Amino acid sequence: MALSPRTEPDTVDELLVEVRLFSAEFPVLLANHLPMIIVALDRLGASSERLREYFETYRTTNGLVPTPPPVAPIQRDRWTDALGDRTREYDYRAFFEAEVRRIGIDSAIQTYLPTLIPGIGASATHGMMRTAYGLMRMDPTEVGTALGYWSTTYLSMPRATGATPITDDPGQVLARACGLADLHQIEAETDLLWHNIRAAGEKPDFAPVVDWLEIGPDTGRRLAATSLALFAATMDFSALHALTGSHWIRLIGPHLDEADRPALQRYFWQIIASLVPKIGFPSLPSAEQLDEWRHLPAPGWPEIAAVATQSDDEHDISLVFSAREEEAVYGDRLYRVVAARRMGLIA
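A. Expanded view of the overall build of the chain. Helix and strand counts for the chain stand at 17 helices and 2 strands. Scaling as 2.2 N^0.38, a compact globule of 347 residues should have a C-alpha radius of gyration of about 20 Å, and the chain matches this with 19 Å. With the principal axes as the frame, the chain shows a C-alpha extent of 50 × 50 × 35 Å. Counting over 347 residues, the chain shows a buried share of 56%. Restricting the contact set of the chain to residue pairs at least 6 apart, pairs at least 24 apart contribute 77%. Total accessible area on the chain stands at roughly 13,900 Å², and carbon and sulfur atoms take up 50% of it. Of the side-chain charges in the chain, 31 are positive and 47 negative, and the distance between the mean point of each set is 2 Å.

Shown next, in the form of structure tokens:
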């Protein structure tokens, strides 16, 4: 199937304006992926007609709801007072859209995001996702909306204490987390991803995990490689968010002050470690196994993208787009293999 030319920018912008009329979540507390998927579909080559069709299908199928009504304006000197309060979505979005207009995208990111990073699990990391996609397009309204989304769904987790790290290997962090007795006793309120994250964060044994990883110049690449290995081994829904999340933090990092970038990586990996019970306490594959998978026959990106753009599953589209973007940076053919497998193009 041939890909259409990239959608004219006016179509993407038009749909993003419309999607901002809806809440960033829909019942019950599920992340609204629509603004990000519209962008991903465009980047993957979907036509304007397909974008509009996807918009209507997603809106109708998921029963998107309007943004909650305003409660009270967020005050700049007390902007953290209502973090995590979903009733304040309108207020936080209005505040951050105004702040981005006032000081610009990068200044807003550098001013506010360091405070939000410890709550990176917000809406199961989808506040981070929307921020990354807004930054990818340098779209000031989307960035402001995303910061508001992150704020209103902020998820408190154990804070870093500055304790001495124990490893520079993200895989070792996951392996040690799998051995925590408390994580084998998780009883999440519901099966929602962020409820599972929160349940892990409430376990005493989990508190030190955030300090375990030593952050260095190569940490971003190692997080990406470990996330890819985790997804290749499990093809698991939660592990999918490790792969896509590695893409998102790579997009966000350059907009932060250099001193704040390690926290973005540290707290992101805390969230992935919190999900090991949901993934089934996985073991990472050997280098030999990964290399065997890496060399499996797989179609090229145009064919994979063409199939993805016809899917109505937001996670198909998100995964294929992030995998393609990450392969372009890291050069690992395994990204193409897992994307083809996700789309049912190879066994």
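B. Spotlight on helix H10 (residues 219-234). The first and last C-alpha atoms of H10 sit 22 Å apart over 16 residues, in line with the 22 Å expected at 1.5 Å per residue. Those residues of H10 lying buried are Thr219, Leu223, Ala224, Thr226, Ser227, Leu228, Ala229, Leu230, Phe231 and Ala232.

C. Molecular detail of the packing of aromatic side chains. Under the counting rule described, the total for this entry stands at 10 aromatic pairs. On the basis of an interplanar angle of 90° and a centroid distance of 6.3 Å, the ring pair of Phe26 and Tyr58 is categorised as edge-to-face. Of this pair, Phe26 sits in strand S1 (residues 25-26) while Tyr58 sits in helix H3 (residues 48-62), and the two are 32 residues apart along the sequence. For Tyr58, a relative accessible area of 2% puts it in the buried group.

D. The arrangement of the pattern of salt bridges in detail. Here the structure, examined in full by the defined rule, presents 24 salt bridges. A salt bridge links Arg59 to Glu56; its shortest N-O distance comes to 2.4 Å. Of this pair, Arg59 and Glu56 are both found in helix H3, 3 residues apart, which corresponds to roughly one turn of the helix. Arg59 sits in the partly exposed class, given a relative accessible area of 28%. When its relative accessible area of 35% is taken as the criterion, Glu56 is described as partly exposed. The structure contains a network of salt bridges with shared partners spanning Asp13, Arg137 and Asp139.

E. Examining helix H6 (residues 126-137) more closely. The first and last C-alpha atoms of H6 sit 17 Å apart over 12 residues, in line with the 16 Å expected at 1.5 Å per residue. For H6, the set of buried residues is His126, Gly127, Met128, Met129, Arg130, Thr131, Ala132, Tyr133, Gly134, Leu135 and Met136. Trailing H6 by a residue or two, Met138 shows a phi angle of about 50°, which is positive.

F. Molecular detail of the packing of H10 against helix H12 (residues 261-274). Taken N-terminus to C-terminus, the directions of H10 and H12 make an angle of 15°; their axes are 11 Å apart at the nearest point. Considered as vectors, H10 and H12 are oriented roughly parallel to each other. Crossing handedness for the pair H10 and H12: left-handed. In contact with Thr219, Gly220, Leu223, Thr226, Ser227 and Leu230 of H10, H12 contributes Gln265, Phe268, Trp269 and Ile272. Looking at the contact of H10 with H12 residue by residue, the class counts come to 5 nonpolar, 5 polar and no charged.

G. Spatial organisation of the nonpolar core. Counting residues in each nonpolar core, the largest one holds 111 residues, and the members touching the most others are Leu113 and Tyr133. Those residues in contact with Leu113 that lie beyond four places of it in its chain are Ala108, Leu147, Trp150, Ile252 and Leu256.

H. How the structure looks around the side chain of Thr167. Tracing the backbone through its elements, the reader meets Thr167 in the loop between helix H7 (140-152) and helix H8 (170-178). Of note is the side chain of Thr167, whose polar atom sits 2.9 Å from the backbone nitrogen of Asp169. Once residues within four sequence positions are removed from consideration, Thr167 is found in contact with Gln172, Val173, Trp212, Leu213 and Glu214.

I. View of empty space enclosed by the protein. Under the criterion given, the structure shown has 3 cavities of 30 Å³ or more. Space inside the largest cavity adds up to approximately 50 Å³. Forming the walls of the largest cavity are Leu16, Pro35, Met36, Val39, Arg130, Tyr133, Gly134, Arg137, Asp139 and Glu142. The set of elements that each furnish at least two residues to the lining of the largest cavity consists of helix H2 (34-44) and H6. The leading source of residues in the lining of the largest cavity is H6, at 4 residues.

J. Here's a closer look at unusual backbone geometry. Here the residue pair Pro27 and Val28 is connected by a cis peptide bond, since its omega of 0° sits within 30 degrees of zero. In the Ramachandran plot, Ala124 falls in the positive-phi region, its phi being about 60° despite a non-glycine side chain. Position of Ala124 relative to the elements: it lies in the loop between helix H5 (105-116) and H6.

K. Highlighting the environment of Ile105. By secondary structure assignment, the location of Ile105 is in helix H5. Along the sequence, Ile105 and Gly134 sit 29 residues apart, while their C-alpha atoms lie 9.6 Å from each other. Apart from the residues within four sequence positions on either side, Ile105 is in contact with Val100, Leu135, Met138, Asp139, Pro140 and Val143.

L. Expanded view of the environment of Ser227. Within the element layout of this structure, Ser227 appears in helix H10. A sequence separation of 14 residues divides Ser227 from His241, and the C-alpha atoms of the two residues are 8.6 Å apart. Those residues within four positions of Ser227 in sequence are excluded, and the remaining contacts are Ala242, Leu243, Ser246 and Trp269. In terms of polar contacts, Ser227 uses its side chain to reach the backbone carbonyl oxygen of Ala242, at 3.3 Å.

The rules we used
- All chains use their own residue numbering, which begins from 1 and follows the written sequence.
- Per-residue local features are limited, in this predicted model, to residues with pLDDT of at least 70; the limit for side-chain atom pairs, both in listing and counting, is 80 or more; totals at the level of whole chains, interfaces and linings are taken over all residues.
- Computation of side-chain values: all heavy atoms of the structure, hydrogens and water removed.
- Put simply, DSSP marks the helices as runs of H or I at least four residues long and the strands as runs of E at least two long, and each gets a number from the N terminus on.
- In this description the radius of gyration comes from C-alpha coordinates, and the expected globular size is given by 2.2 Å times residues to the power 0.38.
- For every residue, the accessible area obtained with a 1.4 Å probe (protein chains only) is divided by the maximum for its type, and the residue is called buried under 20%, exposed over 50%, and partly exposed between those limits.
- Residue contacts follow a heavy-atom distance rule, with two residues in contact if any of their heavy atoms lie within 4.5 Å.
- Here the Shrake-Rupley method, with its probe set to 1.4 Å, supplies the accessible areas, and only the displayed protein chains count as covering residues.
- As used throughout, the charge tally considers Lys and Arg to be positive and Asp and Glu to be negative, leaving His and the chain termini uncounted.
- Positions of charges follow a simple convention, taking NZ of Lys, CZ of Arg, CG of Asp or CD of Glu.
- Given a helix with a known number of residues, its expected span is that number minus one, times 1.5 Å.
- Working definition: a ring pair exists when centres of Phe, Tyr or Trp rings (six-membered ring for Trp) sit within 6.5 Å. Plane angles under 30 degrees give stacked, over 60 give edge-to-face, the rest tilted.
- By definition here, a salt bridge exists when the distance from a side-chain nitrogen of Lys or Arg to a carboxyl oxygen of Asp or Glu is within 4 Å.
- Lines are fitted to the C-alpha atoms to define the axes, a helix being fitted only along its stretch in contact, and any angle between axes, read from their N-to-C directions, falls within 0 to 180 degrees.
- If an angle is under 35 degrees, it is roughly parallel; if it is over 145, roughly antiparallel; if it lies from 65 to 115, roughly perpendicular; otherwise it is oblique.
- For a crossing to be left-handed, the near helix must be turned anticlockwise from the far one by less than a right angle; the clockwise case is right-handed.
- Side-chain classes are defined by residue name, with Ala, Val, Leu, Ile, Met, Phe, Trp, Tyr, Cys and Pro counting as nonpolar, Asp, Glu, Lys and Arg as charged, and the others, Gly among them, as polar.
- We call a set of buried residues a nonpolar core when its members are Ala, Val, Leu, Ile, Met, Phe, Trp, Tyr or Cys and they connect through side-chain atoms within 4.5 Å of each other.
- Whenever two N or O atoms come within 3.5 Å, that pair is a polar contact, provided that in protein one can donate a hydrogen and the other can accept it, and provided that, for residues adjacent in sequence, both atoms are side-chain atoms.
- Points on a 1 Å grid over protein atoms alone make up a cavity when a 1.4 Å probe fits among them but cannot get out, and a pocket when they form an open set with protein on both sides within 12 Å along at least five of seven lines; lining residues each have an atom within 4 Å of a point.
- Grid points are joined across faces, edges and corners, and a volume is the space filled by probe spheres set on the points.

Remember, this is a structural readout, not a statement about activity or role.
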